[in-house]
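Residues per chain are reported as follows:
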Amino acid sequence: MGNHPLCGKERKTSPINTSTRYCACWMSIECDYENPWIFEGTPFLSENIDDNFGFVYLITNLQNGRQYIGRKYFWSFRKPPGKKRRVKKESDWKKYYGSCPELKEDIEQLGRQNFSRHILSLHKTPGKTNYEETRQLFTNNVLTEALDTGTPKFYNSNILSRYFRKDYYDGD
């Protein structure tokens, strides 16, 4: 993958995906939000959205290695009171840490600094975003994988509210 374009230093292998390489110089990039989403080794900013509609992400608990795969849209559409048209506005994606109650509880207890947030892929439509999230959930076996401790590797407890960890997980 070569050297990083910002600092020229050799990139290191990502702890999340060994085919991805990163460089710590991203910490010096001016960022307008805390604990930024990382995409291809660099913090992702509003100016990077372009014509993308959403993204599929991986959040990792740096204390125990548990992970969460999800999706988030860059845009929200709201109909202001008394108006006929919906207004497009940037969503809360910068502050977003997933919808999983168990993950949110761990973030509350351990602090946001103990979680990494990586964008796995960007998508132009809601349908492609949703499809890729579902594909990643099945590809990564989020309902069946376990850590060495026997704890589920992923916080995800279901796929499409149809397939549930309790029906497939053999841990303990």
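Right above here is the structure, for reference.
Fair warning: this is a prediction, and the values are worked out from it, not measured in the lab.

Participant: Is there a simple way to think about unusual backbone geometry in this case?
Facilitator: Excluding glycine, residues mostly have negative phi values, and the peptide bonds linking residues are mostly trans. Not every positive phi belongs to a glycine, and Asp 50 is a case in point at roughly 55 degrees. One can find Asp 50 in the loop between strand E4 (42-43) and strand E5 (54-61). On the accessibility criterion, Asp 50 (63% relative accessible area) is exposed. Non-glycine residue Ser 161 carries a positive phi angle of around 55 degrees. You can see Ser 161 is positioned in the loop between strand E10 (158-159) and strand E11 (163-164). On the accessibility criterion, Ser 161 (58% relative accessible area) is exposed.

Participant: Teacher, can you tell me more about helix H1 (residues 101-110) here?
Facilitator: For the α-helix, the turn length of 3.6 residues means that residues three or four positions removed from each other point alike. Within H1 the residues assigned to the buried category are Leu 103, Asp 106 and Ile 107. Take H1 and look down its axis: the buried residues cluster within an arc of 100 degrees, on one side only. Exposed side of H1, more than 90 degrees from the buried face: Pro 101, Glu 108 and Gln 109 are the residues found there. Elements in contact with the buried residues of H1: E5, strand E6 (67-73) and strand E9 (115-123). Two residues or fewer past H1, Gly 111 is found with a positive phi of approximately 95 degrees.

Scoring rules and cut-offs
Residues numbered from 1 in each chain as written. Predicted model: local features only at pLDDT ≥ 70, side-chain atom pairs only at ≥ 80, totals over all residues. Heavy atoms only, no water. Helix = DSSP H or I, 4+ residues; strand = E, 2+ residues; numbered from the N terminus. Buried < 20%, exposed > 50% of the residue type's maximum accessible area, 1.4 Å probe, protein only. Arc of directions from axis to C-beta. Contact = heavy atoms within 4.5 Å.

Note that every value here comes from positions in space, so none of it alone points to a role or purpose.
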